[in-house]
Amino acid sequence: MFRATYLLLICIVIIPTLPGIIGVMLSSFSYIPPVGLDSLSLQGYADVLNWPGISTSSLLTLFTALTSTYLALTICFAILQNLWRNKHWKRVELVLSPLLAVPHVAFAIGFAFLFAPTGLTTRVISTLFGVEFDDISTSWLVHDPYAIGLTLALALKEVPFLLLMSIPILQQLEIEKLSKVGSSLGYSPSQLWIKVVLPQWLAKMRFPLFAVVAYASSVVDFALILGPNTPPTLAMLVWQWFNDPDLQLLPRAASGAILLFILTSFLLLLVLLIEKFATHYFKRWQYSGRAGISLPGASFFGIITLLSIAIFPLMLIWSYAQRWRFPDIMPSRFSDRFWESEWPSFLPIISQSIAIALITAMVTLCLAVLAHEYRIKNKLHIPGYVVAIPMLIPQLSILFGLQIATLYVSSESYYLWVIWSHIFFAFPFVYLSLDGPWKSYNQNYTRAALSLGKSPLQAFFMVKSRLLLPSILYAWAIGASVSLAQYLPTLILGGGRIATVTTEAVALSSGFDRRVTAIYALWQALLPFVFFTTAILASRLQHKARVKPAIYQESVPNDATSRKPRHP
Amino acid sequence: MTLRLENLVIRKQSSTPLFSPINITIDSGEVAVVMGPSGCGKSTLLNLIAGHLSDEFNFEGRVLLQDNDLSYQPAHLRHVGILFQDDLLFPHLNIWQNLAFALPNSVKGIQRENRAIEALRKVSLEQLAYSYPEQISGGQRARVSLVRMLLAEPLVVLLDEPFSKLDKDLRIQFRQWVFEQLSKANIPTLLVTHDEGDVPIHSQLVQLDWNITNVR
């Protein structure tokens, strides 16, 4: 029974990658029988290569993905170098969870509100310093042709994720001991961080960097809000092709998705090569002597925190702004009529988003727990890197193939497919967030329960699940938040018939009414907080109800005793 | 070069001192030993001298190297070398690279590799130069760790129970070798240990025992 359920799990969240990739491959060669294309040809690729601006789009993708990833990495390193385990570190940990909970789309909309030509920054500069902006139709940071704003926003948004990933790594590296050795050898703390910590940390950050660069190269929703339009990044271009009403042009979109897949693979390889060159092949800099600067990490962290927090009041003000002329810093008139007029259509969308998120979170959590339990009991199991594959492949490249596959099964079951796609993409996040807690759990507690006559199921529900409840609840919140943030899966497998706060927020962000956009973005940002707060409150209530025992073995890092969400 | 601890007292926050004031002078080539039960402040004393005293502690008195007061100098500028219980060789660097890491900045380019290998040759460990720490034995790692520390040209050496994790035979052998090397280097040394067998003959002994400090 256990094995059969595990096989079912594999069918739901592991195997679909294959039809996804095979589907898009066949489609790229013009083989899509459901729409009447049943002979192989290279026309799709020819269309892609002949598309004006395709090389610029590809270069933009490479530039934004690589620059934003390494900018985020540098900022993350600067913050760690400056603040790791010093008197301010507790504040960093405190702020980290809320920063992570801010969805990408809400962050991008907030960023646009701040840096658009008529955004708050321009208003403040204009009002406070008397600078007059002759041309307020172009912006340096929103839809700019060089994707500078997109790159910067992506970098800032990824820093909290990289910071979170760094915590268990640095715990493993025992920085305190390294600091003592370093200073006894005459190295200042900042020199030690650059010469000793950086190479070891970088080598262990490979997977988080893969996830960040893959996301940056293939992101569509974020790029739609902030990215360039003429030409757009490759992911946006492929998305535009997918939306072409002429189904005969689908091979072009599929070929674009393949090109995106190749570009992303190239970027992953590049990240690996950069790491290898910096840490292995050219390591002279590591032992060349005492040199290295202290980066302004505290300032970086302050800016990221301020930006992420500032978007909330800004969105709230916009949602009530009746009249807000440029360059006024505040609206001259407020009104709640936008909330009133939007609410009737908005309420079903929120309910739908929450329902999908809750179902996704529950199912994904059950599957992830099952996968971990199976891993403990069986040598033959799916390795972690296979589980993580959906995090590294562009969503567009899998989803198209999956959409084609659904046409063969049941093309009308939109809800089912959307929920399943959310489960598919949320599973790696939930699974990886439970990885540390499951590995650090002291198995002797279960053995003790079994020796007292409890069945394996009783031992799990009465002992293990209770001891690991905080981590389980956080994993649930992560599942719900990941589901809530899904844009492409909802649109593609929902056939445009299922609306969530995310799809609506992105759709509205390209329009001109910032008030309505602000309402949707605000809710999109608030819902993950609700999920995480629920998880925190529930685990605190449970924690109060019992005395906290020493349930974890000491030596394993990334321990589950931390009460912060382990956002992957 | 002389290390002098003058009326040195450490307190945890504002509680009573961990031990009564220490006054001791250690000359070049001399070894002083600090002994005492767990928790009496031996490692805290070393942390204070090395500049790693955590915020929860405060101290009175002075740590003087010749006439230079180290008490408030940043740790990396004190020239205080430490040999820890663990070898703490950097796992991402091979053995000669670990040694090159400690060399002064004035040694540049290929000279760093040459100097590191020369230092290994002096202690008959040159065959390990291109191995990584995980590939050599615990005893070899301990030796390399001392060589690395000495290459940084410390003016004082602190030994923080460096023999405690070694097995009995290796411990005796390594201990003898360490004192030989330190004697050659002619540096004042302060050793913290639990084991009376570690105490070299004719060394000063500081016995810390809950508020009592005896110097013999």
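Here the structure is a predicted model, which means the values were calculated and not measured.

Side note on the overall build of chain A
Helix and strand counts for chain A come out as 26 helices and 4 strands. A compact globule built from 568 residues should have a C-alpha radius of gyration of about 24 Å, and chain A, at 24 Å, falls within 12% of that. Counting over 568 residues, chain A shows a buried share of 48%. In chain A, of all internal contacts separated by at least 6 residues, the share reaching a separation of at least 24 is 80%.

Focus on the overall build of chain B
Along the backbone of chain B there are 5 helices and 10 strands. Rg of the C-alpha trace for chain B: 18 Å, near the compact-globule value of 17 Å for 216 residues, within the 12% margin. Of the contacts made within chain B by residues no fewer than 6 positions apart, 70% connect residues no fewer than 24 positions apart.

So, the domain arrangement of chain B
Parsing chain B into structural domains produces domain 1 (1–79 + 156–216) and domain 2 (92–153). Of the residues contributing to the side of domain 1 of chain B that touches domain 2 of chain B, the split by class is 7 nonpolar, 1 polar and no charged.

As for the interface of chain B and chain A
Facing 21 residues of chain B, the contacting portion of chain A comprises 17 residues. If you list the elements that add at least two residues to the side of chain B that touches chain A, you get strand 6 (80–83) and helix 2 (95–102) of chain B. Per-element accounting of the side of chain B that touches chain A gives the leading share, 4 residues, to helix 2 of chain B. Of the residues contributing to the side of chain B that touches chain A, the split by class is 13 nonpolar, 7 polar and 1 charged.

Structural notes on the confidence of the model for chain A
Residues and elements named next belong to chain A. With 95% of its residues at a pLDDT of at least 70, chain A reaches an overall mean of 90. Looking across chain A, the model is least confident in helix 19 (residues 395–409), with a mean pLDDT of 84, and most confident in helix 4 (residues 54–83), with 97. In the predicted structure, residues 552–568 sits below a pLDDT of 50 and forms 45 contacts with residues beyond four places in sequence or in another chain.

Re the packing of helix 6 (residues 104–115) of chain A against helix 25 (residues 501–509) of chain A
All names here are of chain A. With their axes 10 Å apart at the nearest point, helix 6 and helix 25 run at an angle of 25° to one another. Relative to helix 25, the element helix 6 is oriented roughly parallel. Seen along the crossing, helix 6 lies across helix 25 with a hand that is left-handed. Only Thr 502, Ala 505, Val 506 and Ser 509 of helix 25 make contact with helix 6, whose side of the interface consists of Val 105, Ile 109 and Ala 112. Its residues assigned to classes, the contact of helix 6 with helix 25 shows 5 nonpolar, 2 polar and no charged.

Describing the domain arrangement of chain A
All names here are of chain A. According to the domain assignment, chain A consists of domain 1 (1–15 + 337–568) and domain 2 (53–246 + 254–325). The centre of domain 1, based on its C-alpha atoms, is set 24 Å off from the matching centre of domain 2. Looking at the side of domain 1 that touches domain 2, the elements that each hand over two or more residues are helix 16 (337–377), helix 18 (389–392), helix 19, helix 23 (469–485), helix 25 and helix 26 (514–544). Counting residues per element, the side of domain 1 that touches domain 2 draws most heavily on helix 26, at 12 residues. Looking at the side of domain 1 that touches domain 2, its residues break down into 25 nonpolar, 11 polar and 3 charged.

Focus on the confidence of the model for chain B
Per-chain confidence: chain B averages 90 in pLDDT, with 97% of residues scoring 70 or above. What the predictor reports for the complex is a pTM of 0.89 with an ipTM of 0.87.

Digging into the environment of His 194 of chain B
Residue and element names in this part refer to chain B. For His 194, the position within the fold is in the loop between strand 8 (189–193) and strand 9 (204–209). Residues His 194 and Leu 53, 141 residues apart in the sequence, show an inter-C-alpha distance of 21 Å. Each residue touching His 194, except ones within four places of it in the same chain, is listed here: Glu 161 and Ser 164.

Re the packing of helix 4 of chain A against helix 8 (residues 148–173) of chain A
Residues and elements named next belong to chain A. Interaxial distance between helix 4 and helix 8 falls to 7 Å at its minimum, and their mutual angle equals 50°. In terms of orientation, helix 4 lies oblique with respect to helix 8. Where helix 4 crosses over helix 8, the handedness of that crossing is right-handed. From helix 4, Thr 64, Thr 67, Ser 68, Leu 71, Ala 72, Leu 73, Ile 75, Cys 76, Ile 79 and Leu 80 reach across to helix 8, where they touch Leu 150, Thr 151, Leu 154, Ala 155, Glu 158, Val 159, Leu 162, Leu 163, Ser 166 and Leu 170. Of the residues in the contact of helix 4 with helix 8, the class split is 14 nonpolar, 5 polar and 1 charged.

Thoughts on helix 1 (residues 42–50) of chain B
Residue and element names in this part refer to chain B. Most of helix 1 sits inside the fold, with 8 of its 9 residues counted as buried. Every buried residue belonging to helix 1 is among Lys 42, Thr 44, Leu 45, Leu 46, Asn 47, Leu 48, Ile 49 and Ala 50, and all of these are buried. Just beyond helix 1, the residue with positive phi is Gly 51, at close to 95°.

Here we look at the pairing of strand 7 (residues 156–160) of chain B
Residue and element names in this part refer to chain B. Taken across its 5 residues, strand 7 has 5 buried, putting it largely inside the fold. Neither face of strand 7 is open: one carries Val 156, Leu 158 and Asp 160, the other Val 157 and Leu 159, and all of them are buried. Bridging between strand 6 and strand 7 involves 4 bridges; their strand directions are parallel. Considered in strand 7, the bridge of Leu 83 is made with Leu 159. Across 4 bridges, strand 7 lies against strand 8 in parallel orientation. Considered in strand 8, the bridge of Asp 160 is made with Val 192. Taken together, strand 7, helix 5 (residues 168–185) and strand 8 constitute a β-α-β crossover, and its handedness is right-handed.

Calculation criteria
Residues numbered from 1 in each chain as written. Chains lettered and ligands numbered in written order. Predicted model: local features only at pLDDT ≥ 70, side-chain atom pairs only at ≥ 80, totals over all residues. Helix = DSSP H or I, 4+ residues; strand = E, 2+ residues; numbered from the N terminus. Rg over C-alpha atoms; globule rule 2.2 N^0.38 Å. Buried ≥ 20, exposed ≤ 12 C-beta atoms within 10 Å, placed from the backbone. Contact = placed C-beta atoms within 7 Å. Domains from an automatic or database assignment. Nonpolar A, V, L, I, M, F, W, Y, C, P; charged D, E, K, R; others polar. pLDDT = per-residue confidence, 0-100. Axes fitted to C-alpha atoms, helices over the stretch in contact; angles between N-to-C directions. Parallel < 35°, antiparallel > 145°, perpendicular 65-115°, else oblique. Left-handed = near helix turned anticlockwise from the far one by under 90°. Pairing = 2+ DSSP bridges. Right-handed = clockwise from strand over helix to strand, strands pointing away.

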